[in-house]
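Chain by chain, the residues run as shown.
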Amino acid sequence: MTQKYAIGVDFGTESGRAVLVRLSDGTEAAEHVTPYRHHVIDERLPETGLKLEHDWALQHPRDYIEVLERSVPAVVRASGIDPAEVIGLGIDFTACTMLPVDKAGRPLCFDPAFQANPHSWVKLWKHHAAQAEADRINEIAAARGERFLARYGGKLSSEWMLAKAWQILNEAPDIYDAADQFVEAADWTVAQMTGVIVRNSCSAGYKAAWHRQEGYPSREFLGALDPRLADMAATKLRGDVLPLGTKAGELTPDMAARMGLAAGTAIAVGNVDAHAAVPAVGVVTPGRLVMTMGTSVCHMLLGAEEKPIEGLCGVVEDGIVPGYYGYEAGQAAVGDIFAWYVDEAVPAYVAEAARDEGLNVHEWLEKRASGLKAGESGLLALDWWNGNRSVLADANLTGTILGLTLLTKPQEVYRALLEATAFGTRKIIEAFLRGGLAVDELYACGGLPQKNRLLMQIYADVTNREIKVAASKQTTALGAAMFGAVAAGAAKGGYDGIVDAAAAMARVREETFRPIPANVAVYDKLYAEYMLLHDYFGRGANDVMKRLKAIKEEAGSR
Ligand SMILES: Nc1ncnc2c1ncn2[C@@H]1O[C@H](COP(=O)(O)OP(=O)(O)O)[C@@H](O)[C@H]1O
Ligand SMILES: O=C(CO)[C@H](O)[C@H](O)COP(=O)(O)O
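Below: a short report on this structure. (Residues numbered from 1 in each chain as written. Chains lettered and ligands numbered in written order. Predicted model: local features only at pLDDT ≥ 70, side-chain atom pairs only at ≥ 80, totals over all residues. Heavy atoms only, no water.)

1. Let's talk about the site of ligand 1
Step number 1: The full set close to ligand 1 counts 15 residues, and T295, G335, G447, K451 and N452 are the nearest of them.
Step number 2: Between ligand 1 and D336 there is a distance of 3.2 Å, counted from an oxygen atom to a backbone nitrogen or oxygen.
Step number 3: Isolated, ligand 1 exposes 580 Å² of accessible area, and the fraction of that covered by the protein chains is 82%.
Step number 4: Here the shell around ligand 1 gets four residues from one element, more than from any other, and that element is helix α11 (residues 335–345). (Near = heavy atom within 4 Å. Polar contact = N/O pair within 3.5 Å; in protein donor to acceptor, adjacent residues only side chain to side chain. Areas by Shrake-Rupley, 256 points an atom, 1.4 Å probe, with all protein chains shown as cover. Helix = DSSP H or I, 4+ residues; strand = E, 2+ residues; numbered from the N terminus.)

2. Points about the pattern of salt bridges
Step number 1: Applying the stated criterion to the full structure yields 36 salt bridges.
Step number 2: Overlapping salt bridges bring together E310, R434, D535 and R539 as one network. (Salt bridge = Lys/Arg side-chain N within 4 Å of Asp/Glu carboxyl O.)

3. So, the site of ligand 2
Step number 1: All residues in the neighbourhood of ligand 2 are listed as T13, T94, A95, W125, K207, V272, D273, T295, S296, C298, E328 and R389.
Step number 2: One of the backbone N or O atoms of T295 is found 3.4 Å from an oxygen atom in ligand 2.
Step number 3: In isolation ligand 2 exposes 380 Å². Once the protein is present, 91% of that is buried.
Step number 4: The residue inventory of the shell around ligand 2, partitioned by class, reads four nonpolar, four polar and four charged. (Nonpolar A, V, L, I, M, F, W, Y, C, P; charged D, E, K, R; others polar.)

4. Some thoughts on the packing of aromatic side chains
Step number 1: A complete count under the given rule lists 17 aromatic pairs for this structure.
Step number 2: With a centroid separation of 5.6 Å and an interplanar angle of 50 degrees, the aromatic rings of Y176 and F182 are classed as tilted. Judged on exposure class, the residue Y176 and its partner F182 are both buried.
Step number 3: The interplanar angle of 85 degrees and the centroid separation of 6.3 Å between the aromatic rings of Y327 and F432 together place this pair among those described as edge-to-face. With a gap of 105 residues between them, Y327 in strand β17 (residues 325–331) and F432 in helix α14 (residues 410–434) connect regions that are remote in the sequence. Taken individually, Y327 and F432 each receive the classification buried, so the pair is uniform in this respect.
Step number 4: A network of ring pairs unites the aromatic residues F338, W340, Y341, W385 and Y414 as a single cluster.
Step number 5: Between the NZ or CZ atom of R62 and the centre of the ring of F110, over which it lies, the distance is 4.6 Å.
Step number 6: Lying over the aromatic face of Y176, K236 brings its terminal NZ or CZ to 4.7 Å of the ring centre. (Phe/Tyr/Trp six-rings, centres within 6.5 Å; stacked < 30°, edge-to-face > 60°. Buried < 20%, exposed > 50% of the residue type's maximum accessible area, 1.4 Å probe, protein only. Lys NZ or Arg CZ within 6 Å of the ring centre and 35° of its normal.)

5. Regarding helix α2 (residues 131–143)
Step number 1: For α2, spanning 13 residues, the distance from its first C-alpha to its last is 18 Å, which sits close to the expected 18 Å at 1.5 Å a residue.
Step number 2: What α2 keeps buried is the set Q131, E133, A134, I137, N138, I140 and A141.
Step number 3: Packing partners of the buried residues in α2 comprise α3 (161–171) and α7 (219–225).
Step number 4: Where α2 ends, the next residue or the one after it, G145, has phi of about 65 degrees, a positive value. (Expected span 1.5 Å × (residues − 1). Contact = heavy atoms within 4.5 Å.)

6. Side note on empty space enclosed by the protein
Step number 1: Tallied over the entire structure, the rule returns five cavities of 30 Å³ or more.
Step number 2: Counted as a void, the largest cavity has a volume near 100 Å³.
Step number 3: Split into classes, the residues belonging to the lining of the largest cavity amount to four nonpolar, six polar and three charged. (1 Å grid on protein atoms, 1.4 Å probe; cavity = no way out; pocket = protein on both sides within 12 Å on 5 of 7 lines; lining within 4 Å. Points joined across faces, edges and corners; volume = space filled by probe spheres on them.)

7. Focus on the layout of surface pockets
Step number 1: The computed volume of the second largest pocket comes to approximately 340 Å³.
Step number 2: In this structure, the second largest pocket is lined by 17 residues; those nearest its centre are E53, H54, D55, A129 and E553.
Step number 3: Sorting the residues of the lining of the second largest pocket by element identifies α2, α3 and α20 (544–557) as the ones contributing at least two each.
Step number 4: A total of four residues in the lining of the second largest pocket trace back to one element, the largest contributor, which is α2.
Step number 5: In the lining of the second largest pocket, the residues fall into four nonpolar, five polar and eight charged.

8. What about the pairing of strand β15 (residues 297–303)?
Step number 1: Judged by how many residues are buried, β15 sits mostly within the fold: seven of seven residues are covered.
Step number 2: What you see with β15 is no split at all: V297, H299, L301 and G303 on one side and C298, M300 and L302 on the other are buried throughout.
Step number 3: By the bridge criterion, four bridges tie strand β14 (residues 288–293) to β15 in an arrangement that is antiparallel. Residue V290 lies in a different strand from β15, and its bridge partner there is M300.
Step number 4: Following β14, the chain reverses through three residues before pairing antiparallel with β15.
Step number 5: The sheet contact formed by β15 and β17 spans seven bridges and is antiparallel. (Pairing = 2+ DSSP bridges.)

Given below as structure tokens:
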């Protein structure tokens, strides 16, 4: 029998990566990364140069097409296979990364009439400028006793579809009116390959409050937000919502030529990046928490029942693996915090020393920070540089470092930042446990476990749990490829379900990270201090972070 392949394409925050995967055992034959030409657009709009306001984060849809046109042919070329041996392709995407499109499915930002309006562009998942709308959504939903709120830990996020769409209506009603639909970038990108827009149940469930039985929030609820929103679900979010692994369509001849694949290749419905990773580490049953660790961290857990969990991002039936409730929680910045420190705050001597030792700045800081004992820095940080996603669900919270002195060293600050993100993860695990879900094992994937061993040891010590690490460097793309193989089906050489695909294709490394008892004891003490700060700054005892933000905005507008 000839070998069959699937391609997974992971659309991240800064770049898109394709992997070509052998279906018999999940080994990766080739991978290729295409950085987004326009990066994250958070300062000025392309073309017009218009200055964006604080908390905005946009992307350029053409960058996604470039990933398909460059990375997909590159992996086929590098592996030397016949493109006809690729039977399926799946993609995963950051979410909610959404855009308004016209009747032809064209992004409004491609239309010269709308290009100068930032609301016509793709709003990236970390666009946080719709917090006012999110706050109103949560107030009104709570006052009306809307049942859907409990599935999202009591709060919908400013990162999600309803808040972002409402922000468009409030600030750019002409864009709202001109939008025939609001679509997830994942679904738009799939539509570029198949010619039809279909929505995937994962993005719709976690990010647009869609429910398999109940659909989107009701017309009455949307109308209570704003009468002009009443029809939004029926109009601008209309269309089939299909389960993960479903074939969205087949690759059109035009896109096949541009991507170097055979026309008719099965294309799976889109998926959320973090979620695609779960079956790719072999997790298809409850009790095993998967952490997708990169710019941000997403925590995914399967459960047999739907339970209310404090500050959860969402629980969706069949949202990750069919037959289970998929729970998601998360931290809005993790790698991004380390990147901030390295790019904005380390002294010049560190960069020079790192260069002299042939290391990058992260590696240099990790090496020095590894020489410190747990607790030795005397520092404690709150990991809210990009707000708090779980369990406080508040984008207006900010970061803090406590305990700085004239003797504080850069590696101590770096270690405190690593530790802060581990404390944030422990808080999430405790919320799951309190809600009655088992967390017996931890699995880590994404870029960070491959890059920073100290970080992983700290996570094991802070959570007092062994951590298994994905064997693949591109776990989310591997997961996307697995869904591509499911979309193709067993008859074509793929698989009939994600559980079968995971049994054959998922892999974790032999080596694990085990907690070191002496560190666990110190981190228990530090975590208790973290929790005091967490509740003090995060639950209303002292809203100084919000007041500072207000003063900053006032000053900025003067
Ligand atoms: N050695 C390192 N230690 C810790 N963080 C790192 C290191 N190198 C890069 N990073 C961080 O990793 C993040 C990128 O993670 P990655 O998983 O590759 O991307 P993405 O989240 O976009 O999929 C960046 O935020 C960067 O700051
Ligand atoms: O909210 C999400 C998943 O539910 C985002 O997709 C995610 O946080 C972006 O992740 P990253 O840039 O770290 O891959």
